[in-house]
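What follows is the residue order along each chain.
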Amino acid sequence: MPMKLTQEASSTILGQCQVGSHGGELTRPLNVVTIQNLPAEVLLEIFDSYRQHFKHSPGYEKDWNRKGGWFMLAHVCHQWRHIVLVSSSRLDLRLFLTVDTPMKAVLKRLPPLPIVVHYNNGARTAKDMDRMITAIQCRDRVRGITFQGKGARLAKFFRVMKGFLPRLESLKLSHEAGLPLVLPTTFLRGSAPNLRLLKLKPVSLSSLSQLLSSATGLIDLSLELKTNSGPLPTTSLLVYLQGMPSLRRLQLYFPSYFRSINDLGPSTKTDNIVALSNLTSFHYSGRGVFFEALIAGLATPSLQECHAVITDYTPALASHLSRFINDVEKPIFAV
């Protein structure tokens, strides 16, 4: 748990008092240094040390950029506020905006810090949507977007996402009703060169062509793919993966509701092996036929963890599996 800076902590004497006696009388404390007397560079080190307590938490971005994080430091006094805000890069400051954030007031009163829009439970009202749109329209500042929606609100979200977001690093989208997301061709103008994390569920792979082709710097990719019929989508997916040399974590969820293998249509195979030399973690859930096609076309020399939940078995799976997990440190499989 992150430590808490209390009011008592802010006035703690860092230099210990030296109290002695002379002629039976107590002397005054010597070398008393309070936190209020510390130079700015020392305070900055203390603030950054406080941030490190949040760093390894799964909710780091949210916790550090809310009331319990740098907001609390900035509200102690004018000096602390100045140090925090002028050190935004060192302290990794973000405006973490949720459905309850008064967007206009926050954007007006605070410096132009990077923005993270976090609407993980969607927008409850039209006013909520308007607040989110206000934030996204600061296009040069948006670093992350998490959004869940359906119907008219999802359509409105896609309309505002027609513009290019040059510094977008994280994108997490989900359909509130569990239907496949179909990204329009105008989404992000078909380009996301700085994207590092992408999580979509569920989604139609055919609508991802432009986005995946441009997201060559991805480090973390998580897709729940829905395909009711037609050829196996693994061939096109492998093509996209080939353009992601920095990928470290891959999570794929394929449908398991086909009545028979014939529902999938013909399989197209590729003789090329896609090398993901930086991939260390691979999670898979779904039909064995998809998994077989994937691992037959992948080489992952740095893989440390493989977790697969396979809902059926295919005769050729064993041979492909043997090659794939040969160097994996922690393979976990369930059929």
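Note: the structure precedes this text.
First, a word on what this report is: a plain description of the structure on this page. Values in this document were obtained by computation on a predicted structure and should not be read as measured data.

Re the overall build of the protein chain
Within the protein chain one finds 12 helices and 16 strands. When each of the 335 residues of the protein chain is scored for burial, the buried share is 43%. The contacts in the protein chain between residues at least 6 apart in sequence include a share of 63% that link residues at least 24 apart. By element, 52% of the accessible surface of the protein chain is carried by carbon and sulfur atoms, the whole surface being about 17,700 Å².

Remarks on the packing of aromatic side chains
A complete count under the given rule lists 12 aromatic pairs for this structure. Measuring from ring centre to ring centre gives 5.5 Å for Phe54 and Trp64, while their planes differ by 55 degrees; the resulting arrangement is tilted. Remark: Trp64 occurs in helix H3 (residues 60-64) and Phe54 occurs in helix H2 (residues 40-55); sequence separation between them is 10 residues. A relative accessible area of 0% places Trp64 in the buried class. In this structure an aromatic cluster arises from ring pairing among Phe254, Phe282, Tyr284, Phe290 and Phe291.

Quick notes on the side chain of Ser207
Within the secondary structure, Ser207 is located in the loop between strand S9 (197-203) and helix H9 (209-214). Looking at Ser207, its side chain comes within polar contact range of the main-chain nitrogen of Leu183, at 3.1 Å.

Things to note about the pattern of salt bridges
Enumeration according to the criterion identifies 7 salt bridges in this entry. Between Arg90 and Glu45 there is a salt bridge whose closest N-O contact spans 3.1 Å. Of this pair, Arg90 sits in the loop between helix H5 (78-86) and strand S5 (95-97) while Glu45 sits in helix H2, and the two are 45 residues apart along the sequence. Given a relative accessible area of 48%, Glu45 falls into the partly exposed group. The salt bridge partner of Arg94 is Asp92, with a shortest N-O separation of 3.2 Å. Residue Arg94 is classed as buried on the basis of its relative accessible area, which comes to 14%. A network of salt bridges, in which partner residues are shared, links Glu45, Asp48, Arg51 and Arg90.

Side note on the layout of surface pockets
Unoccupied space between atoms shows up once a probe the size of one water molecule is rolled over them. The calculated volume of the largest pocket comes to roughly 740 Å³. Counting residues per element, the ones that place at least two in the lining of the largest pocket are H3, strand S6 (115-119), strand S7 (142-149) and strand S8 (170-175). When residues of the lining of the largest pocket are assigned to their parent elements, the largest contribution, 4 residues, is made by S7. By residue class, the composition of the lining of the largest pocket is 7 nonpolar, 6 polar and 12 charged. Counted as a void, the second largest pocket has a volume near 460 Å³. Around the second largest pocket, the lining comprises 20 residues; the ones closest to its centre are Lys67, Phe71, Thr101, Pro102 and Val106. Those elements that place two or more of their residues in the lining of the second largest pocket are helix H4 (70-74), H5, S5 and helix H6 (103-109). Residues that form the lining of the second largest pocket fall into these classes: 11 nonpolar, 4 polar and 5 charged.

Considerations on the side chain of Arg51
Structurally, Arg51 is set in helix H2. Once residues lying within four places of it in the same chain are set aside, the contact partners of Arg51 are Tyr60, Trp64, Arg90, Leu91 and Asp92.

A word on the packing of H2 against H5
Axis separation between H2 and H5 bottoms out at 10 Å; the angle between their running directions is 70 degrees. It follows that H2 is roughly perpendicular to H5 by the angle criterion. Residues Ala40, Leu43, Leu44 and Phe47 of H2 touch H5, and the partners they reach there are Gln79, Trp80, Ile83 and Val84. Partitioning the contact of H2 with H5 into residue classes produces 7 nonpolar, 1 polar and no charged.

Comments concerning the nonpolar core
In terms of nonpolar packing, the biggest core is built from 92 residues, with Ile145 and Phe282 touching the most fellow members. In this view, Phe282 contacts Leu250, Leu252, Phe291, Leu294, Ile295, Leu303, Glu305, Cys306, His307 and Phe324; residues no more than four positions away in its chain are not counted.

Some remarks on the packing of helix H7 (residues 126-136) against helix H8 (residues 151-160)
As a packed pair, H7 and H8 sit with axes 11 Å apart at the nearest point and diverge in direction by 15 degrees. Judged on the interaxial angle alone, H8 and H7 are roughly parallel. Here H7 runs over H8; the crossing is right-handed. Side by side, H7 and H8 meet where Ala126, Met129, Asp130, Met132, Ile133 and Ile136 of the first sit next to Arg153, Lys156, Phe157 and Val160 of the second.

Reading the values: the criteria
- Residues numbered from 1 in each chain as written.
- Predicted model: local features only at pLDDT ≥ 70, side-chain atom pairs only at ≥ 80, totals over all residues.
- Heavy atoms only, no water.
- Helix = DSSP H or I, 4+ residues; strand = E, 2+ residues; numbered from the N terminus.
- Buried < 20%, exposed > 50% of the residue type's maximum accessible area, 1.4 Å probe, protein only.
- Contact = heavy atoms within 4.5 Å.
- Areas by Shrake-Rupley, 256 points an atom, 1.4 Å probe, with all protein chains shown as cover.
- Phe/Tyr/Trp six-rings, centres within 6.5 Å; stacked < 30°, edge-to-face > 60°.
- Polar contact = N/O pair within 3.5 Å; in protein donor to acceptor, adjacent residues only side chain to side chain.
- Salt bridge = Lys/Arg side-chain N within 4 Å of Asp/Glu carboxyl O.
- 1 Å grid on protein atoms, 1.4 Å probe; cavity = no way out; pocket = protein on both sides within 12 Å on 5 of 7 lines; lining within 4 Å.
- Points joined across faces, edges and corners; volume = space filled by probe spheres on them.
- Nonpolar A, V, L, I, M, F, W, Y, C, P; charged D, E, K, R; others polar.
- Axes fitted to C-alpha atoms, helices over the stretch in contact; angles between N-to-C directions.
- Parallel < 35°, antiparallel > 145°, perpendicular 65-115°, else oblique.
- Core = buried A, V, L, I, M, F, W, Y, C linked by side-chain atoms within 4.5 Å.
- Left-handed = near helix turned anticlockwise from the far one by under 90°.

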